[in-house]
Amino acid sequence: MDLLLEKWKEILLGIKQEHMVSDVSFDTWLKDLIPYNVEENKLYILVPPKHDQQMTIDYITRKYKKPFLVAIEEITGEHYDELVFILKEQAQEKFIASFPNKYNEENQSNLNPNYTFDNFVVGKNNSFAHAAALAVAESPGEVYNPLYIHGGPGLGKTHLLQSIGHFILSQKPNKKILYTTSEEFTNEVIDSIRNGNSSSMAKLRNKYRTVDVLMVDDIQFIIGKESTQEEFFHTFNVLHSSGKQIILSSDKPPKDIETLEERIRSRFEWGLLADIGYPDYETRMAILRNKEESNEFHLNDEILDYIASNIKSNVRELEGALNKLLAYSKLQKTEITMDIAVHELQNIISPNKEMEITPQLIIEVVCEHFKLSEVQMLSKKRSSDISKPRQIAMYLIRNLTDTSLKTIGTLLGGRDHTTIIHGIEQIDHEYQTSEIMQNTIETVKKKINPN
Ligand code: ADP
Ligand code: MG
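Note that the coordinates shown come from a computational prediction; the quantities given were computed from them, not determined experimentally. (Residues numbered from 1 in each chain as written. Chains lettered and ligands numbered in written order. Predicted model: local features only at pLDDT ≥ 70, side-chain atom pairs only at ≥ 80, totals over all residues. Heavy atoms only, no water.)

1. Considerations on the overall build of the protein chain
Phase 1: Counting its regular elements, the protein chain contains 21 helices and eight strands.
Phase 2: Taking 451 residues into account, the globule formula puts the C-alpha radius of gyration at 22 Å, and the protein chain, at 25 Å, falls close to it.
Phase 3: Structurally, the protein chain occupies a C-alpha span of about 75 × 55 × 40 Å along its principal axes.
Phase 4: Looking at the protein chain residue by residue over its 451 residues, the buried ones come to 48%. (Helix = DSSP H or I, 4+ residues; strand = E, 2+ residues; numbered from the N terminus. Rg over C-alpha atoms; globule rule 2.2 N^0.38 Å. Buried < 20%, exposed > 50% of the residue type's maximum accessible area, 1.4 Å probe, protein only.)

Shown next as structure tokens:
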């Protein structure tokens, strides 16, 4: 595959010359094709989105498949039994495991640049977890292994994990660091089992068992997934016994995860457990001030106090409140007054509110899960990395709330109800037929409603 990538231009030009392809045909059909993956000696070639139609695929398959196979063999000496042109969406569905996590090639890109120790406010609630994380970052594999950070949603677990990653990379850029979520890990296991060949399993093992630092976020989601637990157990053993650092996060301490296999649970307790609790008032204020500063945005103390006094159990919501006021102030070009704050935050701050599942909550969780902004989610963009999460949002809103199709359309950027029906049916179908989609949906559902 590497050689293929290296010689790709040459191959394309070779075909152009050999088959006397005109410039316009070349530009239309061939220029933007990219080798994507090899499986069982079948080469998959990605057809770019502007050709997003089956017709193109049929046409180039008929016309260019043979020439490609011949040219590739001539130029690289590599023989492929079969060649498949594939659209990005199909490719993602087929090879979803290799998509979200191109970590080794892109190293740091998997880490959110904002999640560093510098941006982490230390308070009583998290000072132990923070110190443990820093110790591990300074001496990976040497002090606490594994480090297991637990705490409720939105309290900074992911932020701390990724801070460790950034820190190690800044000190030792050659270290192989892999940050993943247990959902991604599960999907990769499912995928390699489904492929059923030893090479995809080997690829998975090679990926996870050769790193210096493995971080698995939200490990609680491997519960009940036997093959994933099995794979993780062996991964853990290999890494741990060779002194590689493992860092895990979870919403609960191991002892409270009743259904977790004992052999795995006991390993989680081998190293250090560190919990993050709810931030106290001072820490909440400090987090708000810190966030204000990085956005160059200023609210008066009374408003900060109003937010910090009312949002107590989730830093993400604390930030959400600030972001909402920031957006309002930018959009309306106005200073935020207490009245505006109270009005704008009434959905976030309401007395005795129960955690109600609203379409807005679902959209927020889906965006966070897929690392999209709400602007992207509501946009007209139709590339699959955005449209698939959008369809998942449609599906979940329909299934978890009684919102009408029309309203779902409005909430998701003014789409008409046939688009919504199509989206829901699409995900419904994938849920029935793809274990990966099932896993994704179940994970997102648990994030929406942890109970
Ligand atoms: P978790 O993984 O525990 O659900 P996150 O790490 O995603 O929570 O944190 C939610 C948000 O709150 C993130 O944007 C994170 O940067 C922020 N956050 C959490 N704790 C802190 C903190 N102590 N200092 C600054 N930001 C924080
Ligand atoms: Mg997290």
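2. Concerning the site of ligand 1
Phase 1: Not every one of the 17 residues close to ligand 1 is listed here, only the nearest: Gly154, Lys157, Thr158, His159 and Glu319.
Phase 2: For ligand 1, an oxygen atom lies 2.9 Å from a polar atom in the side chain of Arg316.
Phase 3: Relative to its unbound accessible area of 560 Å², ligand 1 is 92% covered by the protein chains.
Phase 4: Here the shell around ligand 1 is composed, by residue class, of seven nonpolar, seven polar and three charged. (Near = heavy atom within 4 Å. Polar contact = N/O pair within 3.5 Å; in protein donor to acceptor, adjacent residues only side chain to side chain. Areas by Shrake-Rupley, 256 points an atom, 1.4 Å probe, with all protein chains shown as cover. Nonpolar A, V, L, I, M, F, W, Y, C, P; charged D, E, K, R; others polar.)

3. Describing the sheet that holds strand S3 (residues 82-87)
Phase 1: Overall, mixed pairing links the three strands, which are arranged S1-S2-S3 in an open sheet. Sheet topology places strand S1 (34-39) and S3 at the edges, where each strand pairs with a single neighbour. Each neighbouring strand pair of the sheet contributes to a mean axis angle of 30 degrees, computed without reference to strand direction.
Phase 2: Running over the sheet, helix H1 (residues 2-18) touches S1 and strand S2 (42-47) and is turned about 150 degrees from S1. (Pairing = 2+ DSSP bridges. Axes fitted to C-alpha atoms, helices over the stretch in contact; angles between N-to-C directions. Contact = heavy atoms within 4.5 Å.)

4. With respect to the sheet that holds strand S8 (residues 272-276)
Phase 1: Reading across the sheet, the five strands line up as S5-S6-S7-S4-S8 and stay open at both edges, with parallel pairing between neighbours. The strands lining the two open edges of the sheet, one partner per strand, are strand S5 (177-181) and S8. In this sheet, neighbouring strand axes are inclined to one another by 15 degrees on average, regardless of whether the strands run parallel or antiparallel.
Phase 2: Across four bridges, strand S6 (residues 213-217) lies against strand S7 (residues 245-250) in parallel orientation. Of the residues in S7, the one forming a bridge with Leu214 is Ile246.

5. Structural notes on the side chain of Thr228
Phase 1: Mapped onto the elements of the fold, Thr228 is located in helix H10 (residues 226-241).
Phase 2: Not counting residues within four places of it along the chain, the set of residues in contact with Thr228 comprises Phe185, Thr186, Val189 and Ile222.

6. Considerations on the side chain of Ser329
Phase 1: Turning to its location among the elements, Ser329 is positioned in helix H14 (residues 315-332).
Phase 2: Exposure remark for Ser329: the relative accessible area of 15% places this residue in the buried category.
Phase 3: Apart from residues no more than four positions distant in its own chain, Ser329 is found in contact with Phe297, Thr334 and Ile336.

7. Notes on the packing of aromatic side chains
Phase 1: The tally for this structure, following the rule as stated, stands at 11 aromatic pairs.
Phase 2: Centre to centre, the rings of Trp29 and Tyr59 are 4.8 Å apart; their planes meet at 45 degrees, and the pair counts as tilted. One end of the pair, Trp29, is in helix H2 (residues 23-30); the other, Tyr59, is in helix H3 (residues 54-76), and 30 residues separate them in sequence.
Phase 3: Residue classification places Trp29 among the buried residues on the basis of a relative accessible area of 18%.
Phase 4: Seen in terms of ring centroids, Phe232 and Phe268 are 6.2 Å apart; in terms of plane orientation they differ by 70 degrees. Their pairing is edge-to-face. (Phe/Tyr/Trp six-rings, centres within 6.5 Å; stacked < 30°, edge-to-face > 60°.)

8. Some remarks on the pairing of S6
Phase 1: Most of S6 sits inside the fold, with five of its five residues counted as buried.
Phase 2: What you see with S6 is no split at all: Val213, Met215 and Asp217 on one side and Leu214 and Val216 on the other are buried throughout.
Phase 3: By the bridge criterion, five bridges tie S5 to S6 in an arrangement that is parallel. Within S6, the residue paired with Thr181 across the bridge is Asp217.

9. Observations regarding the nonpolar core
Phase 1: Membership of the largest hydrophobic core comes to 48 residues, with the highest contact counts inside it found for Leu147, Ile164, Leu299, Ile307 and Leu325.
Phase 2: Per-element tally for this core: the top contributor is H14, with six residues.
Phase 3: The residues contacting Leu325, other than those within four sequence positions of it, are Phe297, Leu299, Ile303, Ile307, Ile336, Ala341, Glu344 and Leu345. (Core = buried A, V, L, I, M, F, W, Y, C linked by side-chain atoms within 4.5 Å.)

10. Examining helix H18 (residues 384-400)
Phase 1: With 17 residues, H18 extends 23 Å between its outermost C-alpha atoms, agreeing within 8% with the 24 Å of an ideal straight helix rising 1.5 Å per residue.
Phase 2: Of all 17 residues in H18, 13 are buried; the element is thus mostly enclosed. (Expected span 1.5 Å × (residues − 1).)

11. Describing the packing of helix H16 (residues 359-369) against helix H21 (residues 435-448)
Phase 1: The N-to-C vectors of H16 and H21 enclose an angle of 125 degrees; their axes lie 10 Å apart at closest approach. On the basis of their axis angle, the class for H16 and H21 is oblique. The handedness of the crossing between H16 and H21 comes out as right-handed. The residues of H21 that touch H16, namely those facing Leu361, Ile362, Val365, Val366 and His369, are Thr440, Thr443, Val444, Lys447 and Ile448.
Phase 2: Of the residues assigned to the contact of H16 with H21, the class counts are six nonpolar, three polar and one charged. (Parallel < 35°, antiparallel > 145°, perpendicular 65-115°, else oblique. Left-handed = near helix turned anticlockwise from the far one by under 90°.)

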